[in-house]
Amino acid sequence: MWKFIVKRLMLCTVILFFVTMILYAVMRCIPTSFVDSMARQLAQQPNAKSFEEWKAQLNTIYHLDGSILEGYFSWLGNAVRGDFGDSWYYIIPVTEKFSNVIWYSFVLGAISFVLEMLIAIPLGILAAKKQYSITDYTVTVVALIGISLPTFFFATILKYVLSIKLGWLDLYGLVGRDYDTLTTMGKLMDMGRHMIMPVVTLVFCSIGSLMRYTRTNMLEVMNSDYIRTARAKGLSERKVINKHAFRNTLIPIVTLVGGSLPGLFAGAMITETLFQIPGIGYVSYTAMVNGDINFYMFYSTFLAVLTLLGTLISDILYAVVDPRVRIS
């Protein structure tokens, strides 16, 4: 197992190298240029240098005067030493800006992820156990609605009903107006109330595919020979489902769980924007469209590392839930 992990980590290093190179090349080629925007603003000031002069000077300052490969290896050399530079758009160190906003997205993503697992997997198993029943059709309809509804549409409905019509929750924001006057518990409760609609939006729009996936795999497992053998031995239906079928149903699901690791830190750009939550999704999108290469490269590299680790975790979990794929 350790040899397998070491080999995979070495392969992940090579993959990460080429991924970051491609990401850097894409950022250098996007139409929006931070240097062009800054040079245009500076050139409009009284008695300022021309746009071309400012552009050349700024390209030198931001190390964009060389080729893409030269710029990439310059960035890579600093990144290996842990120096990701300052954010061009936010004008503070990249890691500082990242640490200021990542936990909002992590809490939002973690709560949504746990609820998604707790709701989607049991409902998918229940639908499979009661195939072609009212329960199965209800779960299927809810799943299809969740898959089909756009995030912005469902979030708008929630805001209209719960905030505008009923007045139960605030329309947007992470805290209320009187947040600073509350006690510690009151502040936690206030932030919790503001998280309700974003969490409900993320969960409802995400559980559909996982419910369908779980149901399909459960039906496939329940039609297997060893399940029929277990029933023929006189085992109770609960033991057949929980002890034999459920574990084998987990085998393909661990792929989704491992792949969900980056999602905990990736942020939810649309949801965060709609509810005005200052999370990493909205911040990184703003950095990208403004040509902030330093910030977006750090964010993308961070997600790439998590993706590779998530894939490795999925492979290890395969060996945990299925003895057939264990490595001696």
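This text follows the structure it describes.
Here the structure is a predicted model, which means the values were calculated and not measured.

### What to know about the overall build of the protein
Thought 1: The number of helices and strands found in the protein is 15 helices and 0 strands.
Thought 2: Taken along its principal axes, the extent of the C-alpha atoms in the protein is 90 × 60 × 35 Å.
Thought 3: For the protein, with 328 residues in total, the buried portion stands at 39%.
Thought 4: Long-range pairs, those at least 24 residues apart, make up 73% of the contacts in the protein with a sequence separation of at least 6.
Thought 5: Carbon and sulfur atoms make up 65% of the accessible area of the protein, which amounts to about 18,500 Å² in all.
Thought 6: Side-chain charges of the protein comprise 27 positive and 21 negative groups, with the mean position of each set lying 15 Å from the other.

### Side note on the packing of helix α1 (residues 2-29) against helix α4 (residues 68-80)
Thought 1: Closest axis-to-axis distance for the α1/α4 pair is 10 Å, and the angle between their directions is 125 degrees. Comparing the axis directions of α1 and α4 gives the class oblique. For the pair α1 and α4, the crossing hand works out as right-handed. Residue-level contacts link Phe-17, Thr-20, Met-21, Tyr-24, Ala-25, Arg-28 and Cys-29 of α1 to Ile-68, Leu-69, Gly-71, Tyr-72, Phe-73, Trp-75 and Leu-76 of α4.
Thought 2: Along the lines of polarity and charge, the residues of the contact of α1 with α4 split into 11 nonpolar, 2 polar and 1 charged.

### Some thoughts on the side chain of Ser-284
Thought 1: The topology assignment puts Ser-284 in helix α14 (residues 280-289).
Thought 2: We classify Ser-284 as buried; its relative accessible area is 3%.
Thought 3: Residues within four places of Ser-284 in sequence aside, it is in contact with Phe-295, Tyr-296 and Tyr-299.

### Focus: the environment of Phe-295
Thought 1: Structurally, Phe-295 can be placed in helix α15 (residues 293-321).
Thought 2: Overall, Phe-295 belongs to the buried group, its relative accessible area being 0%.
Thought 3: Phe-295 sits 200 residues away from Thr-95 along the chain, and the two C-alpha atoms are 8.3 Å apart.

### Details of the nonpolar core
Most often, soluble globular proteins have nonpolar side chains that are buried together.
Thought 1: Core analysis: the biggest nonpolar cluster contains 70 residues, and Phe-295 and Tyr-299 have the highest contact counts within it.
Thought 2: Per element, the largest residue contribution to this core is 13 residues, and it comes from helix α5 (residues 94-129).

### Some points on unusual backbone geometry
Working note: non-glycine residues mostly have negative phi, and peptide bonds are mostly trans.
Thought 1: Its identity is not glycine, yet Tyr-132 carries a phi of approximately 65 degrees, on the positive side.
Thought 2: The topology assignment puts Tyr-132 in the loop between α5 and α6 (134-148).
Thought 3: For Tyr-132, a relative accessible area of 58% translates into the label exposed.
Thought 4: Within the chain, Gln-276 stands out as a residue other than glycine whose phi angle is a positive 50 degrees.
Thought 5: Within the secondary structure layout, Gln-276 lies in the loop between α13 (269-274) and α14.
Thought 6: Exposure remark for Gln-276: the relative accessible area of 47% places this residue in the partly exposed category.

### Thoughts on the pattern of salt bridges
Thought 1: Per the stated rule, a full pass over the model turns up 3 salt bridges.
Thought 2: Between Lys-55 and Asp-36 there is a salt bridge; the shortest N-O distance is 3.5 Å. A residue pair is termed long-range when its members are at least 10 positions apart, and Lys-55 in helix α3 (residues 51-61) and Asp-36 in helix α2 (residues 34-43) qualify at 19 residues.
Thought 3: Residue classification places Lys-55 among the partly exposed positions, given a relative accessible area of 28%.
Thought 4: Between Arg-215 and Asp-136 there is a salt bridge, and its shortest N-O distance comes to 2.7 Å.

### Description of the packing of aromatic side chains
Thought 1: Inspection of the entire model under this criterion finds 19 aromatic pairs.
Thought 2: On the numbers, 4.7 Å between centres and 70 degrees between planes, the contact of Phe-84 with Phe-298 is edge-to-face. One end of the pair, Phe-84, is in the loop between α4 and α5; the other, Phe-298, is in helix α15, and 214 residues separate them in sequence.
Thought 3: Overall, Phe-84 belongs to the buried group, its relative accessible area being 17%.
Thought 4: You can call Phe-298 buried: its relative accessible area is 12%.
Thought 5: One aromatic cluster is present, formed by Phe-17, Phe-18, Tyr-24, Tyr-72, Phe-73, Trp-75, Phe-84, Phe-98, Phe-298 and Phe-302 through successive ring pairs.
Thought 6: The aromatic ring of Tyr-90 is capped on one face by Lys-97, whose charged end is 4.5 Å from the ring centroid.
Thought 7: Taking NZ or CZ as reference, Lys-159 lies 5.6 Å from the ring centre of Phe-275, over its face.

Cut-off values and rules
Residues numbered from 1 in each chain as written. Predicted model: local features only at pLDDT ≥ 70, side-chain atom pairs only at ≥ 80, totals over all residues. Heavy atoms only, no water. Helix = DSSP H or I, 4+ residues; strand = E, 2+ residues; numbered from the N terminus. Buried < 20%, exposed > 50% of the residue type's maximum accessible area, 1.4 Å probe, protein only. Contact = heavy atoms within 4.5 Å. Areas by Shrake-Rupley, 256 points an atom, 1.4 Å probe, with all protein chains shown as cover. Lys, Arg positive; Asp, Glu negative; His and termini not counted. Charge placed at Lys NZ, Arg CZ, Asp CG, Glu CD. Axes fitted to C-alpha atoms, helices over the stretch in contact; angles between N-to-C directions. Parallel < 35°, antiparallel > 145°, perpendicular 65-115°, else oblique. Left-handed = near helix turned anticlockwise from the far one by under 90°. Nonpolar A, V, L, I, M, F, W, Y, C, P; charged D, E, K, R; others polar. Core = buried A, V, L, I, M, F, W, Y, C linked by side-chain atoms within 4.5 Å. Salt bridge = Lys/Arg side-chain N within 4 Å of Asp/Glu carboxyl O. Phe/Tyr/Trp six-rings, centres within 6.5 Å; stacked < 30°, edge-to-face > 60°. Lys NZ or Arg CZ within 6 Å of the ring centre and 35° of its normal.

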